[in-house]
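Examination of the molecular architecture
Here is what each chain is made of, one letter per residue.
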Amino acid sequence: MGFNLKAQHHPQEAERLKSLLHLKILDTYPEREFDQITKIASYICGTPIALISLVDTQRQWFKSKIGLEATQTSRDFAFCAHAILQTGPFIVKNAASDERFFDNPLVTGDLGIKFYAGVPINDPISKLPIGTLCVIDKKTRDLSSEQIEMLSALAEQVNSLLQLRIDYKELKKFEEKLIIHRTAFNQMLEGMVLQNNKDEVLDYNQAALTVLGVTEDQLLKKSSFDPEWNAIKLDGSPFEPYEHPSVVAMTTGMPQANTIMGIKVGAAEPRWIMINSTPIHLDSEKNPTHTVTTFADITSAKRSEEQLYYSAKMSSLGEMAAGMAHEINTPLAIISIAAENIRMACAHSNVDIETVIKKANQIDATVGKIAQIITSLRSYSRSSVTDKTEEIVLSNSIKETITLCQEKLTLHQIEINIDVPNDIKVRSLNSHLLQILLNLINNSVDAIDQTPNPWIKIETKLTKDSALLTVTDSGKGIPLGIQEKMMRPFFTTKSPGKGTGLGLGISQRLAESMNAKLYYDPSSTQTRFVIELPLAK
Amino acid sequence: MEYNSLKDCSILVVDDEVELCELVVEEFKKTGAQVTMATSGFEGIQRVLNKNFDIVFTDIRMSNGDGYFLAKEIQKLNLTNLFVFFYSGHCELTLEELKTLNVSGVFKKPQSFRIILQTLDKFIAEKRR
């Protein structure tokens, strides 16, 4: 018989060692919970030594120890290396007479072990044995069945402690993550609120209060249905609670992106926010249980955009100024000559009543023409920042637009054909509509000016809820590559100095701001744009 | 009011606003001048090619040949006794540019037509002196 019969390796030794390392318990400081278990084990079994021993590659290391100085011993001599091969308690009543241990240095040496009883402890995840809870004595002895049962129960407790240790580590990691998330949540520049399926605000970040300009009391547990909310749309009409993005996201289960809302607090100018709302499904629920809504203050961006609209409008006005001067001065010349004729006739006492009436009528009619031009100019240049959509007769807006660009059309010999019935009423902002139409007509004039027999046609088609106002010109359509880019700001195909590239992009935004749409119709053989306007109800 | 110089003149009035064109023609006729009317630059140059005029009194912004076109075409004919005047609600040309086009003057709409007549009468009188 050779020196000290070494224990065989566990059949799943590699995985067993991997499990042990994964626990990250080797060479850690003593812990009170483990020490209490060894203390109880020692007491119950009446042994001077009790250990929680973990069987590593080359050593057994003691997580907890009673009655022993050493922190580890060689695995070659370890009783525990034998014990982990058992499913239940491993008991050596007298090591000195046991053929496996009689010449073991731990038996023959100073320690002089005679008695050993160990119960395997298992990794909570892989369930493989990683060590033992064992009791040791220097004299031969035995354990009662109750003591063995208690030792096994305590080994179970060690297993539970290991499980708790894993849970605690996971929890710690989760908590760290949570702290990072919470910090990020609170430091975001965008406001964020979490709402339940009753639309009540459950949580919010600091920016939410700042962006919305409200206090905690005004936000927490409040919903979009709260009567204190005073929200408006871009066109100034009220934002109904059921239209709020969080409510729509909750009821449809679909994320809501880039909704613009104005929030009025007192008499101050509305604060404009852009909102994104996403439904959350917890526990695989069919219907969303929560919504998370983010929003950013776009008031200053909106103001810049309004200034851009205004600049574009003024730029168009500047371009029109020459034509306008001519358009107004020509009828004024008629009035001037007619008035001079009357004055001269009076001065020479040569008054022919019929001629005077004829001249006066001529003046009246000409004044009407000038008034029409001024009305159109006023409609066009009206500041629309605070305007709300209103019911307008579509044909009137078209007449006003044509008045503004008639001179240009005549000058470029462009035939204009209008087929818009007088009874179509839409909900719109007249100044915006005029700006869009004028942009489209100006673009058409620039595009078809040098082509033979140029023409522009303005027509309407009605759908259930909308009037489709089409502006078609004699051009042969827009190439695909340009179609994709033409609505972007500053994109232009015009020669330098002829266009700012703001026209179509701004027109599209103007249309959106009054709940209308502007798009290119690629199905037409001629160049055609469509303005889709909501019908007045 | 007598317009001694204008009354012997042959004048071409060009304006695409027919109502105004007719009124202007009527006013010139009152001076005793012989007046012809055209409603575009293209029509105007045809009249100039077919008849001798002393004055061409033309609008600038017109379709079918504007006032600039008409002035350039007349310049090509090198007619030393024909004087071109613009009558416009808006003129973007500088004095230098007007000289290059050989335009003798610009009358702004609306302006007292009596003053226009007096100015033209005086202008012709000086040219004939």
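The structure this text deals with has already been given above.
The shown structure was predicted, so the numbers you read here are calculated from the model rather than taken from an experiment.

1. Some thoughts on the overall build of chain A
- Across its full length, chain A carries 14 helices and 19 strands.
- When burial is assessed residue by residue, chain A has 34% of its 537 residues classed as buried.

2. A word on the overall build of chain B
- Summing up its helical and strand segments, chain B has 5 helices and 5 strands in all.
- Taken from the N to the C terminus, the helices and strands of chain B come in the order β-α-β-α-β-α-β-α-β-α.
- Taken over 129 residues, chain B has a buried fraction of 44%.
- Pairs at least 24 apart in sequence give 61% of the contacts found in chain B among residues at least 6 apart.

3. With respect to the interface of chain A and chain B
- Taken residue by residue, the interface counts 17 residues in chain A and 17 residues in chain B.
- Looking at the side of chain A that touches chain B, the elements that each hand over two or more residues are helix H9 (299-347) and helix H11 (394-411) of chain A.
- At 13 residues, H9(A) tops the list of elements feeding residues into the side of chain A that touches chain B.
- In terms of residue class, the side of chain A that touches chain B is built from 9 nonpolar, 6 polar and 2 charged.

4. Details of the packing of H9(A) against H11(A)
Residue and element names in this part refer to chain A.
- At a minimum axis separation of 9 Å, H9 and H11 run at an interaxial angle of 95 degrees. Taken together, the axis directions place H9 and H11 in an arrangement best described as roughly perpendicular. Every residue of H11 that contacts H9 at Met 320, Gly 323, His 326 and Glu 327 is listed here: Leu 404, Glu 407 and Lys 408.
- Per-class residue counts for the contact of H9 with H11 are 2 nonpolar, 2 polar and 3 charged.

5. Re the nonpolar core
- Counting residues in each nonpolar core, the largest one holds 44 residues, and the members touching the most others are Tyr116(A), Leu133(A), Cys134(A), Val135(A), Leu151(A) and Val158(A).
- Listed by contribution, the elements that provide at least two residues to this core are helix H2 (32-45), strand S1 (49-55), strand S2 (59-66), helix H3 (79-83), helix H4 (105-108), strand S5 (115-122), strand S6 (129-137) and helix H5 (145-187) of chain A.
- One finds Ile337(A), Val14(B), Ala71(B) and Phe85(B) within the second-largest nonpolar core, a separate group that totals 40 residues.

6. Regarding H5(A)
- Between its first and last C-alpha atoms H5(A) spans 62 Å; for 43 residues at 1.5 Å apiece the expected length is 63 Å, and the two agree.
- Elements that come into contact with the buried residues of H5(A) comprise H2, S1, S5 and S6 of chain A.

7. A word on the sheet that holds strand S4 (residues 90-92) of chain A
Residues and elements named next belong to chain A.
- What the 6 strands build is an open sheet, ordered S3-S2-S1-S6-S5-S4; its pairing is antiparallel. Each end of this open sheet is capped by a strand with a single partner; those strands are strand S3 (72-74) and S4. Across the sheet, the mean angle from the axis of one strand to that of its neighbour is 25 degrees, orientation sign disregarded.
- Two elements, S4 and S5, share 3 bridges in a ladder whose sense is antiparallel. Across the sheet, Val 92 pairs through a bridge with Tyr 116, a residue of S5.
- On the sheet, H5 packs against S1, S5 and S6 and is oriented at approximately 35 degrees with respect to S5.

8. Quick notes on the pairing of strand S12 (residues 290-297) of chain A
All names here are of chain A.
- Here 6 bridges tie strand S7 (residues 191-196) to S12, and the two strands are oriented antiparallel to one another. The residue of S12 that forms the bridge with Asn 196 is His 290.
- Examined bridge by bridge, strand S11 (residues 271-280) and S12 share 8 bridges and lie antiparallel to one another. Bridged to Ile 275 within S12 is Phe 295.

9. What about the environment of Leu111(A)?
Residue and element names in this part refer to chain A.
- Relative to the helices and strands, Leu 111 resides in the loop between H4 and S5.
- Residue Leu 111 is classed as partly exposed on the basis of its C-beta count, with 18 C-beta atoms lying within 10 Å.
- With 27 residues separating them in the primary sequence, Leu 111 and Lys 138 have C-alpha atoms 7.4 Å apart.

10. Structural notes on the environment of Lys24(A)
Residue and element names in this part refer to chain A.
- Topologically, Lys 24 is positioned in the loop between helix H1 (13-22) and H2.
- Owing to 11 C-beta atoms within 10 Å, Lys 24 belongs among the exposed residues under this scheme.
- Considering only alpha carbons, one finds Lys 24 and Ile 166, 142 residues apart in sequence, at a separation of 9.5 Å.

Cut-offs and rules
- Residues numbered from 1 in each chain as written.
- Chains lettered and ligands numbered in written order.
- Predicted model: local features only at pLDDT ≥ 70, side-chain atom pairs only at ≥ 80, totals over all residues.
- Helix = DSSP H or I, 4+ residues; strand = E, 2+ residues; numbered from the N terminus.
- Buried ≥ 20, exposed ≤ 12 C-beta atoms within 10 Å, placed from the backbone.
- Contact = placed C-beta atoms within 7 Å.
- Nonpolar A, V, L, I, M, F, W, Y, C, P; charged D, E, K, R; others polar.
- Axes fitted to C-alpha atoms, helices over the stretch in contact; angles between N-to-C directions.
- Parallel < 35°, antiparallel > 145°, perpendicular 65-115°, else oblique.
- Core = buried A, V, L, I, M, F, W, Y, C linked by C-beta atoms within 7 Å.
- Expected span 1.5 Å × (residues − 1).
- Pairing = 2+ DSSP bridges.

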